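Here are the chains, one letter per residue:
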Amino acid sequence: MLTIPCPWCGERDVHEFRSGGEAHLKRERRADALSDAEWADFLFLRANPKGEHAERWYHVHGCRRWFNAVRNTHTDTILAVYKPGEAKPEAAQ
Amino acid sequence: MNQSHRLPAGGRIDRSRSLSFTFDGARYSGHPGDTLASALIANGVHLVGRSFKYHRPRGILTAGSEEPNALIQLGLGNRTEPNIRATQIELYDGLVAASQNRFPSLEFDLGAVNDTLSPLIPAGFYYKTFMWPQRGWMTYERAIRRMAGLGRAPDGPDPDRYEYRHAHCDVLVAGGGAAGLAAALAAGRAGARVIIADEQAEMGGWLLSEGETEISAKPAVDWVGKAVTELAGMENVTLLRRTTAFGYYDQNWLGLVERVTDHLGPYAADHLPRQRLWQVRAKQVVLATGAIERPLVFAQNDRPGIMLAASLRSYIARYGARPGKALVVFTNNDSGYRTALVAHQAGIGVTAIIDTRMGAVGPLPQAARAAGLRIYEGHAIIATSGRLRVDGVRLGKLAASGDRIEGSGFGISCDLVAMSGGWNPNVSLFSQSRGKLDFRAEDGVFVPGQSFQPLRSAGTCNGVLSTAECLAEGLAAGAEAAREAGFANRKPAGLKVTEPECPAAAPFWLAPPEKPLARAKCFVDFQNDVTAADLKLAVREGFQSVEHVKRYTTTGMGTDQGRTSNVNALAIVSATLGQDIPAVGTTTFRPPYTPTSFGAIAGRNIGALFDPVRRTPIHDWHAAHGAKFENVGQWVRAWYYPKPGEDMHAAVNREVKAARTGVGILDASTLGKIEVKGPDAAEFLNRVYTNSWLKLGIGKARYGLMLGEDGMVRDDGVTVRLGEDRFLMSTTTGNAATVMTSLEDYLQTEWPELKVYLTSVTEQYATLTINGPKSRELLAALTDDIDTGNEAFPHMSLREGNVAGVPARVIRISFTGELSYEINVRASQGKAVWEALMKAGEPFGITPYGTEAMHVLRAEKGFIIVGQETDGSMTPGDLGMDWIVSKVKPDFVGKRSLARSDTVREGRKQLVGLLTEDRKEVLEEGAHVVETVLDKPPMAMLGHVTSSYYSPNLERSIALAVLKGGRSLIGKTLSVPMPDKVIRVTVTEPVFFDPKGERANG
Amino acid sequence: MAEMMQDTPAAIAALPESGKLILRADADNADIRAAIGGVLTAPLPVEPLTSMAGDKATALWLGPDEWLLLCAEADRAGLQQALETALASQHASVVDVSDSYQGFSVTGPKAADLLSKGCAIDLHPVAFGEGKVVRTLLAKADITLLRIEAGFQLYVLRSFAEYTRLWLDDAGREYRG
């Protein structure tokens, strides 16, 4: 079973977290200006890489904070975690 | 005592006490320290089971958990358990065991006809034979399962307790033999938190069976005793006996199952669990899982009385049992000689040592020669005989190539055969941990290669063979693991070991049989009855991948996961393909290492502890007043309150009528409640709801609809403004947690600039809804500081004051279309206030109503329930709720999606009402609505019924439905086809009662 | 409730009614910290997973901007009032959740073993010393877990109290031999 290092609480079992999907998607507040295709891209289209992937996680059974993690989807290892608003670190160790 | 095959002395059994047990109804005795297998052997019982497919008589092959043959039905009644390895069952007084897979008896088994027919049922027989007709498989399978069965499962519930235990440690040591104990000592002495687990009752592993080995000039068992005592004395060490590390998962998370009371049988104390599932998170792991002796593959190598050589030593040295009187040893390496010498010293006649090699010169072969034992060099067993027990072997001289016999064979009588094909490192857990295996060609073994997780292997599981190497590797691994976990320590001092020298030897994969291979029955996988001929057949039939051969022949697919067979099978497949073993590859081991009971995996998550049952603060009142309950997620809510003689229909009709004519009272405490606080609270609500919130007055309430970013309705509820920067939001019961998660998401990640704090107060308040024309009078009767007048306290507003003497927030809102108040009081006061309302409501005929009546009342008004009228694909427009969507706000969650081509297209499903032609006919929720009825499906469907009830106020059935282009169908007559009839319905507006909404404002 | 004598290996007890407030505020703001610290008579615990006991209240870190304040029932209203006054000019939230949570204590030498049957957190004293606090799961219930001298206190949502009580009682069976 995976553990995830919460930026605040430290290593915790994955059971305590909820996945929030791909990170760094920008929600456009003036979305009226976007075409249907652009909006659909934001809504529905997600990266699904084999390898490094920046993801959102929520520590629902802990400090209830959202944060980001870079996970290698192939080895299922977490390479880095960082707080919302922070840039994706150079994760690969 | 009739332990005819017990040696006069020796062994780690307590001869001062006798234990009585039965096997297949016959009574036997043994001693504490015995396993069922050793006790049976001490009683001269070798035949313990019938094989899976051919029903061949089978005996005890091993002395450990790798046993493929001796699978036993243990215990009686609901405690009976099938397929337990006799080699792992510790004997207790009164133990009841039975053999499996035989009828009518073990000695005379009708299924044994399969053995005679075996040339007709080779590998793949079932696939080839039972394919046609396809549906026939259902019948065939039942018959095949009966024939090729293992034990039987109990019929009733398991009476035992099973528990979980989470644990953390610096170093987990899997295996308590020489290497494991040494590793635990080194790590423990360094101060690390250590857990050491061993599957046996006693720590020590093979050292318990090796009387000739000395450590520090004392018998090895003395060192074991000292090591265990030292470990037990360390506070930082947890010793787990009878505990199998069965699964190695991500990030050094291991599953262990501790058999807490299995060895006590009926004498187990009630308060103890039968088994305990340990979930261990280890910083470092030391695998010291030992090695498993490799059987030799030769003709009819499966008869009772043929066992692994080291296991025979174990029965002699550890259990003081004598498995036979006339022993033949068949070996390709020096450790076979060791067994012969041990047996010889124990007084067992050694008839012959058959060595596949020429000129073995090690100290053990020399000792055997010196002892005068008969040795056949360069020979192999080519056939065996004996119906229920081996009574002789035939051997022949191997050609130099090793794959055929020169000249003619000859026979030797015996009642016991010990075979030794070398040692396979037990790499199951290493493989589970995603480690890579390396092949070592000189002795044909897989050893741990690169590991994926923080672990190290030590001892025979790492490919070494001597006790000295095991101890040295164990000490080093334990010390290194502790160091890696942050515990500095010095290199441990070595231990001096005296032991017989047994170097590794070149492997010998298949002894050429006297008969043609196809009829020779050279077993590779004993548990699944797979022979060398089956493997070769599979290759001939085109299977090349070892994974395919495995599945086609079922080799290695028994409950033992091919512990004794995989490497032999792989070698035979490789040879047949003409490839090297590493090129063919190995199979992957998967958890569990040995079969693990469902009970241990379920733990205490059963019965009342299966899932939390959430009750409201007023629950006890409902229960005391005869309420029927329904589950709403984890909540249980009062469903309806039948009076004596009432069925559900009558009770709900009465409750619904009361709520429209007098006063009803509902426990709405499960609704989600979130306090929203901060200078940007109104702006925040403005962004997450579709309507406008900036101008909501303090003390006013507003209904809100929450969408997903995709424009689909996700939640709804009423929010009140408590102050300039403070709101109390309510959510649906089922979505309370989801909404909280989503709102925190927006605040923390999307709009961190907004100054808003959220706090869930769902459980702080009991919410009591009084509803109906008399509700104002009732409220007035119980408050002295709230003006309940229609003007003073209008619809959609909040007042704070005392109700029934306690502080309350009263919100005038309505989910029924009637005059209605939601009274929120502290949860601890909820029941008292409810009782006060019931008492004060007596003159008005107050009627408690449950969730069913609530649903009818809101459906009469056409009010949606999120999750019932919506399914994640309904927009506000689809629900006829465009009125709540702001046209002027520049942004709210879901806004852009409401303009997507798909959400604005014609023909979306829309909410409508349905009225049946027969007023009494209540539609089924989920029923499909069609325009044209055909003889049979498929028919073009317009949509489905989302809610359907009998409305006592309208004295007819009503239903809500979502239909394609529903609003344009209003007035039309459609059909609802049911299995036995077609129901005609008229499409209407979705509001059936008080369409102008006058009653709630009255 | 299986209220047990204190000399049992693991004593389980439901805690009496008490005051509980959820405080949310920006811990990076020194003025806010000072205002809260003044009311609590102890510094606000800003280090994750820690708690701090003042004269009238104990503050438990729940998140970087969220604390659970425990106090006597009699002090509840006063504490809330005092905090709201002290934070009147700040962006902060103080919400009474006294009835939202039920507290339990699990004390005695086997307390950690008992909780470890359903809690995946390392409860060994070297990893979970006195005053440490976590929000986590106990079996299927969310808990706020606090290490105290004699063992542990845990707080569950009111509607999970019955499940938690049953679970603790069941888990304690082994120690009641």
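Residues numbered from 1 in each chain as written. Chains lettered and ligands numbered in written order. Predicted model: local features only at pLDDT ≥ 70, side-chain atom pairs only at ≥ 80, totals over all residues. Heavy atoms only, no water.

1. Some words on the overall build of chain C
Logical step 1: Along its length, chain C carries 4 helices and 10 strands.
Logical step 2: Of the regular secondary structure in chain C, the N- to C-terminal order runs β-β-α-β-β-β-α-β-β-α-β-β-β-α.
Logical step 3: In terms of C-alpha radius of gyration, chain C reaches 17 Å, essentially the compact-globule figure of 16 Å for 177 residues.
Logical step 4: Once the C-alpha set of chain C is aligned to its principal axes, its extents read approximately 55 × 30 × 25 Å.
Logical step 5: Within chain C, residue pairs in contact and separated by at least 24 positions form 58% of the contacts whose partners lie at least 6 positions apart.
Logical step 6: For chain C, the exposed area adds up to about 6,600 Å²; of that, 51% sits on carbon and sulfur atoms.
Logical step 7: Charge separation in chain C, taken as the distance between the mean sites of 15 positive and 24 negative side-chain charges, equals 6 Å. (Helix = DSSP H or I, 4+ residues; strand = E, 2+ residues; numbered from the N terminus. Rg over C-alpha atoms; globule rule 2.2 N^0.38 Å. Contact = heavy atoms within 4.5 Å. Areas by Shrake-Rupley, 256 points an atom, 1.4 Å probe, with all protein chains shown as cover. Lys, Arg positive; Asp, Glu negative; His and termini not counted. Charge placed at Lys NZ, Arg CZ, Asp CG, Glu CD.)

2. Observations regarding the side chain of Ser18(C)
Residues and elements named next belong to chain C.
Logical step 1: As for its placement among the helices and strands, Ser18 is situated in the loop between strand E1 (11-14) and strand E2 (19-25).
Logical step 2: On the basis of relative accessible area, Ser18 is assigned to the buried category, the value being 16%.
Logical step 3: Side-chain polar atoms of Ser18 contact the side chain of Lys20, separated by 3.3 Å.
Logical step 4: For Ser18, the residues in contact, after removing those within four places along its chain, are Cys71, Glu73 and Ser98. (Buried < 20%, exposed > 50% of the residue type's maximum accessible area, 1.4 Å probe, protein only. Polar contact = N/O pair within 3.5 Å; in protein donor to acceptor, adjacent residues only side chain to side chain.)

3. Focus: the environment of Ala309(B)
Residue and element names in this part refer to chain B.
Logical step 1: Residue placement: Ala309 occurs in helix H7 (residues 309-317).
Logical step 2: The class for Ala309 is buried, based on a relative accessible area of 0%.
Logical step 3: For Ala309 and Phe330, which are 21 residues apart along the polypeptide, the C-alpha to C-alpha distance reads 8.4 Å.

4. Some thoughts on the packing of aromatic side chains
Logical step 1: Inspection of the entire model under this criterion finds 22 aromatic pairs over all chains.
Logical step 2: Measuring from ring centre to ring centre gives 4.2 Å for Phe543(B) and Tyr552(B), while their planes differ by 25°; the resulting arrangement is stacked.
Logical step 3: Overall, the relative accessible area of 25% leaves Phe543(B) in the partly exposed class.
Logical step 4: Among the residues examined, Tyr552(B) registers a relative accessible area of 10% and is labelled buried.
Logical step 5: The ring of Trp8(A) carries the charged tip of Arg65(A) above its face, separated from the ring centre by 5.7 Å.
Logical step 6: The lysine or arginine in question, Lys140(C), covers the ring of Phe610(B), its NZ or CZ lying 4.9 Å from the ring centre. (Phe/Tyr/Trp six-rings, centres within 6.5 Å; stacked < 30°, edge-to-face > 60°. Lys NZ or Arg CZ within 6 Å of the ring centre and 35° of its normal.)

5. A short note on a nonpolar patch on the surface
All names here are of chain B.
Logical step 1: On the surface, a nonpolar cluster with roughly 360 Å² of combined accessible area is contributed by Phe103, Phe108 and Leu110.
Logical step 2: Looking at the secondary structure, you find Phe108 in the loop between strand E7 (95-98) and helix H2 (113-116).
Logical step 3: The exposure class of Phe108 is exposed, given its relative accessible area of 53%. (Patch = residues over 30% accessible without salt bridge, like charges linked within 9 Å, V, L, I, M, F, W, Y side chains within 5 Å. Salt bridge = Lys/Arg side-chain N within 4 Å of Asp/Glu carboxyl O.)

6. Description of the domain arrangement of chain B
Residue and element names in this part refer to chain B.
Logical step 1: For chain B, the assigned domains read domain 1 (19-116), domain 2 (162-291 + 425-490), domain 3 (672-762) and domain 4 (864-988).
Logical step 2: The partner domain 2 presents 11 residues to the 7 residues of domain 1 that form the contact.
Logical step 3: Summing both sides of the interface, domain 1 and domain 2 together bury roughly 700 Å²; the carbon and sulfur share of this comes to 39%.
Logical step 4: Summed over the shared surface of domain 1 and domain 2, the number is 2 salt bridges.
Logical step 5: Its salt-bridge partner being Arg274, residue Glu81 comes within 2.5 Å of it at the nearest N-O pair.
Logical step 6: Our enumeration of links across domain 1 and domain 2 arrives at 4 residue pairs in polar contact (both at pLDDT 80 or more).
Logical step 7: The class makeup of the residues in the side of domain 1 that touches domain 2 is 2 nonpolar, 2 polar and 3 charged. (Domains from an automatic or database assignment. Buried area = accessible area lost by both parts, 1.4 Å probe. Nonpolar A, V, L, I, M, F, W, Y, C, P; charged D, E, K, R; others polar.)

7. Considerations on the nonpolar core
All names here are of chain C.
Logical step 1: Core analysis: the largest hydrophobic core is formed by 57 residues, its most contacted members being Ile36, Leu69, Leu114, Leu115, Leu145, Leu154 and Leu168.
Logical step 2: In terms of residues, this core owes the most to one element, helix H4 (residues 161-171), which gives 5 residues.
Logical step 3: Three or more residues apiece are contributed to this core by two domains, here domain 1 (11-15 + 100-175) and domain 2 (19-99).
Logical step 4: Once residues lying within four places of it in the same chain are set aside, the contact partners of Ile36 are Leu23, Ala25, Leu44, Leu83 and Leu87. (Core = buried A, V, L, I, M, F, W, Y, C linked by side-chain atoms within 4.5 Å.)

8. Some remarks on unusual backbone geometry
Backbone phi values are negative for most residues with the exception of glycine, while trans is the configuration of most peptide bonds.
All names here are of chain B.
Logical step 1: Here Pro591 and Pro592 are connected by a cis peptide whose omega angle stands at -5°.
Logical step 2: For the peptide bond that leads from Pro937 to Pro938, omega is 0°, which places it in the cis range.
Logical step 3: Phi is positive for Gln251, which is not a glycine, with a value near 50°.
Logical step 4: Here Gln251 is to be found in the loop between strand E13 (243-249) and strand E14 (253-259).
Logical step 5: A positive phi angle is found at Asp994, which is not glycine, with a value near 45°.

9. Quick word on the sheet that holds strand E10 (residues 214-215) of chain B
Residue and element names in this part refer to chain B.
Logical step 1: An order of E11-E10-E29 is seen for the 3 strands of this open sheet, with the pairing classed as antiparallel. Both edges of this open sheet fall to strand E11 (218-219) and strand E29 (497-498), since each of them pairs with a single strand only.
Logical step 2: The pairing of E10 with E11 spans 2 bridges and is antiparallel. Within E11, the residue paired with Ile215 across the bridge is Lys218. (Pairing = 2+ DSSP bridges.)

10. Some points on the interface of chain C and chain B
Logical step 1: Counting from both sides, the interface comprises 40 residues of chain C and, opposite them, 42 residues of chain B.
Logical step 2: Taken over both partners, the interface formed by chain C and chain B buries close to 3,700 Å², and the fraction arising from carbon and sulfur atoms is 49%.
Logical step 3: Taken together, the connections running from chain C to chain B amount to 9 salt bridges.
Logical step 4: Its salt-bridge partner being Arg24(C), residue Glu744(B) comes within 2.7 Å of it at the nearest N-O pair.
Logical step 5: Viewed at the interface, chain B and chain C are joined by 24 residue pairs in polar contact (both at pLDDT 80 or more).
Logical step 6: Mapped onto the side of chain C that touches chain B, the elements with two or more residues apiece are E2, strand E6 (92-96) and H4 of chain C.
Logical step 7: Considering each element in turn, the side of chain C that touches chain B owes the most residues, 5 residues, to H4(C).

11. Topic: the sheet that holds strand E41 (residues 797-803) of chain B
All names here are of chain B.
Logical step 1: With respect to topology, 6 strands assemble into an open sheet ordered E41-E42-E43-E40-E34-E44, the strand pairing being mixed. Both outer strands of the open sheet, E41 and strand E44 (847-848), are each paired with one neighbouring strand and no more.
Logical step 2: Judged from the 3 bridges that link them, strand E42 (residues 806-812) and strand E43 (residues 820-826) form a sheet pairing that is antiparallel. Note on E43: the bridge partner recorded for Val810 is Ile823.
Logical step 3: Across the sheet, helix H23 (residues 830-841) is in contact with strand E34 (664-667), strand E40 (765-771), E41, E42, E43 and E44; its angle to E40 comes to roughly 15°. (Axes fitted to C-alpha atoms, helices over the stretch in contact; angles between N-to-C directions.)

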